[in-house]
Amino acid sequence: MLLALLALLVLAAVLALPAIARGVGSARRRLAERRGERTGREVLDLPDPGRERRAEQRARELLRSCVNEEEWAMYRDLGFIRVWGAQARRPGAAGSARRSGVYAYLIYPQKPLVAFVPETRQLLSEYCVEFPELASSLSVSRLPDSDDVLAKWMALTGDERRLVASANMHLPGRQVDPGRVRRDIWRLAEWERQRRGGGQVASRG
Amino acid sequence: MANIRFLRMRPGHGEVLLAEGDRRAREDEERLIEEFRRQLDAGMWAAVPTRDRASGRREALMVRHYDEIPSQAERVIFFPRAAGG
């Protein structure tokens, strides 16, 4: 009796073997496919430093083609651009009129705008602003550095009030180190002095 | 100069050319108007880089309607609208 049961079990196992093998095979295939898909996605999500470098190069060319020669040289040499406030940009406001009681902004890439009074070097406020790509499935949502600077420059020179209204205003020091800003204002003054005097100015990079 | 280019800043790419055409040609202009509206509807801001003939000073002109684009403009740059960071 026991022998017969054992024989039946062996027979059943032999008959079921192909079905089990097929099940295991298809499970392996599904697992492999899932791994393959995941690997593919991971490959697509890998940052491409070459692409970002090329994007930044294009952005620099675009920035250069839009801003004043002095502003381009400022960005190239110092890493930021100073834009005068609307009061100083009015037609006819120039020279000493600019330096008397008016404000200006420093535009840094991917950092808040910093408003200050050039005459006293007093820092006024930070305007935290960004340009997020909302309707995009791109893994990168930040503009290249020079595009970020150009966007701020265009918005400031084109419609300062709207940009400021869109930004979050904070006291100086919230995101940008005030010591660094003061050093940059000093560097800017030195840079302008050397340009006026025709001296050589060391490039930033 | 009636030929104009519409450029758009894109994250990770720099600027891309959206449209280009002769504003005096009706077919081109219709295409440009359509693209302009599409970009603003998508939440973009539009700016025209300008240069003052007398002083040489460069600034930007923010435009909200196609008609506001100066006739001598060579390009319009679209970029994502500003948001508080």
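Each remark here, short or long, concerns the structure printed above.
On a predicted model such as this, the values are computed, not experimentally measured, just so you know.

A. Structural detail: the overall build of chain B. Broken down by element type, chain B carries 1 helix and 6 strands. When its C-alpha atoms are laid out on the principal axes, chain B stretches across 40 × 35 × 25 Å. Split into buried and exposed, the 85 residues of chain B put 31% on the buried side. A separation threshold of at least 6 residues defines the contact pool for chain B, and within that pool the share at least 24 residues apart is 42%.

B. Structural detail: the packing of helix α2 (residues 49-66) of chain A against helix α6 (residues 145-166) of chain A. All names here are of chain A. The contact between α2 and α6 brings their axes to 7 Å, and the two run at 30°. If you check the angle between α2 and α6, you find them roughly parallel. Listed contacts from α6 to E56, A59, R60, L62, L63 and C66 of α2 are D145, S146, D147, V149 and L150. Taken together, the residues of the contact of α2 with α6 sort by class into 6 nonpolar, 1 polar and 4 charged.

C. Quick look at the interface of chain A and chain B. In this complex, chain A contributes 35 residues to the contact, which on the side of chain B involves 24 residues. At the level of secondary structure, the elements contributing two or more residues to the side of chain A that touches chain B comprise α2, β4 (122-130) and α6 of chain A. Split into classes, the residues belonging to the side of chain A that touches chain B amount to 21 nonpolar, 6 polar and 8 charged.

D. Highlighting the environment of V114 of chain A. Topologically, V114 of chain A is positioned in strand β3 (residues 113-117). Overall, the presence of 26 C-beta atoms within 10 Å leaves V114 of chain A in the buried class.

What counts and how
Going along each chain's sequence as written, the residues are numbered from 1 onward. By the order in which they are written, chains take letters starting at A while ligands take numbers starting at 1. In keeping with the model being predicted, local features are shown solely for residues with a pLDDT of at least 70 and side-chain atom pairs are shown and tallied solely at 80 or more, while totals for entire chains, interfaces and linings include all residues. What counts as a helix is a DSSP run of H or I of at least four residues, what counts as a strand is a run of E of at least two, and both are numbered from the N terminus. Whether a residue is buried, exposed or partly exposed is read from the other C-beta atoms within 10 Å of its own C-beta, which are placed from the backbone; 20 or more gives buried, 12 or fewer gives exposed, and intermediate counts give partly exposed. Whether two residues are in contact depends on their C-beta atoms, placed from the backbone: they are in contact if these lie within 7 Å. Comment: axis = line fitted to C-alpha atoms, over the contacting stretch for helices; angle = value between 0 and 180 degrees taken between N-to-C directions. When an angle is under 35 degrees it counts as roughly parallel; over 145 it counts as roughly antiparallel; between 65 and 115 it counts as roughly perpendicular; any other value is oblique. Residue type decides the class: Asp, Glu, Lys and Arg count as charged, Ala, Val, Leu, Ile, Met, Phe, Trp, Tyr, Cys and Pro as nonpolar, and the leftover types, Gly among them, as polar.

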